[in-house]
Amino acid sequence: DQSELNTARAFLIKYVEKATGVALDYEYYDESITYSADAKYIVLGCPELFAAAGLTMPTDNIGQTGYYVKSAGNSVFLQTKGVFGYQNAVIAFLRHVLGYEMYSGDIVTFSKSGATLPDLDITEKPDFEFHIQGNPVTSDARYGMGFMNTSQIFIPIDGLTQHNTFAFLPPATYKASHPDWYSTTNDQLCYTAHGDGDELEAMVDTVYQRMIQLLEEKPNVSNITFTQEDVRSQCACGACQKIMEDYGTISAAIIKFCNNLSRKGQAYLQAQAEEAGTAKREFNIMFFAYHRSEKPPATKDANGVWHPIDETVVCDENVGVYIAPIDAFYNKSFYHDDNASAANNIDGWAACAQKLYMWLYETNYHYYFYPINTYDTMIETYRFCFDRGAIYMMNEGQWDQPNVTHFSKLKEYFNAKAEFDVNVNFNDVANDFFANYFKEAAAPMRQFFDELQAQLRWIEATYPADVPGGIYNNMEQERFWPKKMLDHWLDLCDEAYAAIEPYRARDPELYEALHKNILLETIFPRYALIRLYPGRYDAGTLKEMQRSFKEDANALGIRRHRENKSIDEIYNDWNV
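Because the structure is predicted, anything quoted here is derived from the model rather than measured.

J.: Talk me through the sheet that holds strand E14 (residues 355–361); I want residue IDs and the actual numbers.
T.: Sheet strands line up and pair through hydrogen bonds in the backbone, either parallel or antiparallel. Taking strand neighbours across the sheet as the criterion, the seven strands line up as E7-E15-E14-E13-E10-E9-E8 in an open arrangement whose pairing is parallel. Lying at the two open borders of the sheet, with one neighbouring strand each, are strand E7 (130–132) and strand E8 (154–155). Relative to strand E10 (residues 284–289), strand E9 (residues 223–225) is paired through three bridges, and the arrangement is parallel. Across the sheet, the residue bridging to Ile 224 is Ile 285, located in E10.

J.: A description of the sheet that holds strand E6 (residues 121–124) should follow, citing residues and the corresponding values.
T.: Spatial ordering of the open sheet is given by E1-E3-E2-E6, a layout of four strands whose pairing is mixed. At either margin of the open sheet sits one strand with a lone partner, and together these are strand E1 (42–44) and E6. Neighbour to neighbour, the strand axes of the sheet diverge by 15° on average, direction disregarded. With respect to the sheet, helix H3 (residues 86–98) is in contact with E1, strand E2 (67–72), strand E3 (75–79) and E6, its orientation differing from that of E3 by roughly 145°.

J.: Which residues make up the packing of helix H15 (residues 442–462) against helix H16 (residues 483–499), and what values do they have?
T.: As a packed pair, H15 and H16 sit with axes 8 Å apart at the nearest point and diverge in direction by 160°. One way to sum up the angle between H15 and H16 is to call them roughly antiparallel. Regarding H15 and H16, the two cross each other, and that crossing is left-handed. Of the residues in H16, those touching H15 at Pro 444, Met 445, Gln 447, Phe 448, Glu 451, Leu 452 and Gln 455 are Met 485, His 488, Trp 489, Leu 492, Cys 493, Glu 495 and Ala 496.

J.: Before we move on, could you go through the nonpolar core and cite the residues and values that matter?
T.: Membership of the largest hydrophobic core comes to 185 residues, with the highest contact counts inside it found for Phe 226, Cys 385, Met 445 and Trp 481. It is helix H18 (residues 508–532) that contributes the most residues to this core, 14 residues altogether. Beyond its immediate stretch of four places on either side in the chain, Cys 385 contacts Phe 128, Phe 334, Ile 346, Met 358, Leu 360, Ala 390 and Met 393. With 10 residues, the next largest nonpolar core counts Val 43, Leu 49, Phe 50 and Phe 77 among its residues.

J.: Kindly report on a negative patch on the surface, identifying the contributing residues and their values.
T.: On the surface, a cluster of negative charge is made up of Asp 25, Glu 27, Asp 30, Glu 31 and Glu 48. Assignment of secondary structure puts Glu 31 in the loop between helix H1 (2–20) and E1.

J.: Give me the layout of surface pockets: which residues, what numbers.
T.: The computed volume of the largest pocket comes to approximately 1,000 Å³. Every element with two or more residues in the lining of the largest pocket is listed here: H1, E1, helix H2 (47–52) and H3. Residue contributions to the lining of the largest pocket peak at eight residues, all from H1. Here the residues of the lining of the largest pocket sort into 21 nonpolar, six polar and five charged. In this structure, the second largest pocket encloses a volume near 740 Å³. In this structure, the second largest pocket is lined by 32 residues; those nearest its centre are Gln 162, Trp 359, Met 394, Glu 396 and Trp 399. At the level of elements, E14 and strand E15 (390–396) are the ones that each hand at least two residues to the lining of the second largest pocket. With three residues, E15 is the largest single contributor of residues to the lining of the second largest pocket. Along the lines of polarity and charge, the residues of the lining of the second largest pocket split into 18 nonpolar, 10 polar and four charged.

J.: Describe the pairing of E3, naming the residues involved and giving the relevant values.
T.: The side chains of a regular strand alternate, first on one face of the sheet and then on the other. The buried fraction of E3 amounts to five of the five residues, a majority that puts the element mostly inside the structure. Bridge analysis of E1 against E3 gives three bridges, and the strand direction is parallel. Opposite Val 43, over in E3, you have Phe 77 as the bridge partner. Where E2 meets E3, five bridges bridge the pair, whose relative direction is antiparallel. Along E3, the bridge assignment pairs Ala 72 with Ser 75. The antiparallel pairing of E2 with E3 creates a hairpin that spans two residues between the two strands, and Gly 73 there sits at a positive phi of about 60°.

J.: Explain empty space enclosed by the protein residue by residue, including any values.
T.: For the structure shown, the criterion picks out four cavities of 30 Å³ or more. For the largest cavity, the calculated volume is near 90 Å³. In terms of lining, the largest cavity is formed by 16 residues, of which the most central are Gln 188, Tyr 191, Ser 233, Gln 234 and Ile 250. Of the volumes computed, that of the second largest cavity is approximately 60 Å³. What lines the second largest cavity is simply Asn 331, Asn 364, Pro 371, Ile 372, Asn 373, Leu 456, Glu 460, Val 467, Gly 469, Gly 470, Asn 473 and Met 475.

J.: For the environment of Asn 186, give the residues involved together with the corresponding values.
T.: When you line up the elements, Asn 186 lands in the loop between helix H7 (171–174) and helix H8 (197–217). In this structure Asn 186 comes out as partly exposed when scored by relative accessible area, which is 47%. Spatially, the C-alpha atoms of Asn 186 and Tyr 365 are 26 Å apart, while their sequence positions differ by 179 residues. Engagement of the side chain of Asn 186 in a polar contact is seen with the side chain of Lys 175, the distance being 3.3 Å.

J.: Describe the environment of Pro 156, listing the residues and the values that go with them.
T.: Mapped onto the elements of the fold, Pro 156 is located in the loop between E8 and helix H6 (165–168). Setting aside residues no more than four positions away along its own chain, Pro 156 makes contact with Thr 161 and Leu 214.

Basis of the calculations
- Residues numbered from 1 in each chain as written.
- Predicted model: local features only at pLDDT ≥ 70, side-chain atom pairs only at ≥ 80, totals over all residues.
- Heavy atoms only, no water.
- Pairing = 2+ DSSP bridges.
- Helix = DSSP H or I, 4+ residues; strand = E, 2+ residues; numbered from the N terminus.
- Axes fitted to C-alpha atoms, helices over the stretch in contact; angles between N-to-C directions.
- Contact = heavy atoms within 4.5 Å.
- Parallel < 35°, antiparallel > 145°, perpendicular 65-115°, else oblique.
- Left-handed = near helix turned anticlockwise from the far one by under 90°.
- Core = buried A, V, L, I, M, F, W, Y, C linked by side-chain atoms within 4.5 Å.
- Buried < 20%, exposed > 50% of the residue type's maximum accessible area, 1.4 Å probe, protein only.
- Patch = residues over 30% accessible without salt bridge, like charges linked within 9 Å, V, L, I, M, F, W, Y side chains within 5 Å.
- Areas by Shrake-Rupley, 256 points an atom, 1.4 Å probe, with all protein chains shown as cover.
- Salt bridge = Lys/Arg side-chain N within 4 Å of Asp/Glu carboxyl O.
- Lys, Arg positive; Asp, Glu negative; His and termini not counted.
- Charge placed at Lys NZ, Arg CZ, Asp CG, Glu CD.
- 1 Å grid on protein atoms, 1.4 Å probe; cavity = no way out; pocket = protein on both sides within 12 Å on 5 of 7 lines; lining within 4 Å.
- Points joined across faces, edges and corners; volume = space filled by probe spheres on them.
- Nonpolar A, V, L, I, M, F, W, Y, C, P; charged D, E, K, R; others polar.
- Polar contact = N/O pair within 3.5 Å; in protein donor to acceptor, adjacent residues only side chain to side chain.

Written out as structure tokens, the structure is:
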């Protein structure tokens, strides 16, 4: 796909110029361009020049997003086995040659001059072949930190890549003529068509026809999601109750449905390839293991080994499960006993499917302005998922919030490192982040973060029933956040502002970026003071605190106070 190469080329040129001041020229390959040991090229793709340099791809499995960076003569070649690997390849080149590192969209560093080109021989593949940023970030930050776009991985239907079964089978279109396609609760599909074989066949065929249309519209994307609606319900018809009796979970019916759907699609693509004399296109279907379908149709034997209940609930090779353990405790890893249910489900799914995609969570969806302590627990969870064979990782944050406080930028950066390599060390990554994201303000901001994390651990230990680590815990409680502590954290932010003051004249652009980074971390304690201690301030002071908060939150792009809830609800209550 030339667009992926163009994006990689533009990114490489941009950051070489940022680091060195040199604007690289570029050319598209034609037969007039030849390789010699004296030529000085940075070559992206171009199998002709790659072969002319005597190079061949390594035998390592680098998948669709891995890369091979290899010096030959005075040139260096960036080659992949899939178009989505060029992003990682150019980042690796910049990192090894210029010491490039992106901590956020505004903070990029270069620790090497690039005066000499090292001899490069790098073969790498991300531990999670596909990984997505959990918070909204700029397109430059997404690309520069190594995250993919959802649209590169999944083909959407009507713009939806999740909770999209009704987009394939809209009730307004089909319910009157095919009532058995819908659950007894009317808010999900019935994956057995209420036991009517003819209706089930028609249901599968209708989804299949739509999927083929989508595949033809997106020739370079291999995955389609067919994922249940976002409600905690399932069909209670007789056929679905029989599935529950036999397998203990409605997911068995979903597997059978998706296997049938995939077989029709694979047969179509095989016939298409044979007619054209080309290789068969890859086509994968992903379904959710979520809410009532999170449990796999699997059982554990006396030796602790998981097995599918029978062969009919083994996912076909091109059918994968998208696991979303929404009720897990994310302040603990999946190795923790408190997360035994989530761990067992993932282990069971690993016995039923070859393709595991993970959707995890790292925020509090009822209290966006209060932290959830997933900072250092997620690395063990990533290792758990990787060990079970997961190939995709998305750790969802505040998906509808343009900017996130309480050190969520650390989570974003850590995800970029850990989803590429699950063996990174949290403290090493955190030390690197604070030293560069805050620069001279690192010491007070690290103190703020360490104290915040310690306070969260104290809350969890002292009030385990209130804060078990879920994503809806009530964190807006005065007993959790003493006023003196919140004031102290704001004092540390004032120290941080003072530490970056020399940049105001020396490097105004960097000063603004650092100032914004510190300002973002004041949002949580300021909000908590206004919400928890309004009676401690006179009316004029409180009103000014509210006005100032609104002004800064707007400037930072903060628009929600909980999932799908505008911050304007709070401002209206404050009358500001």
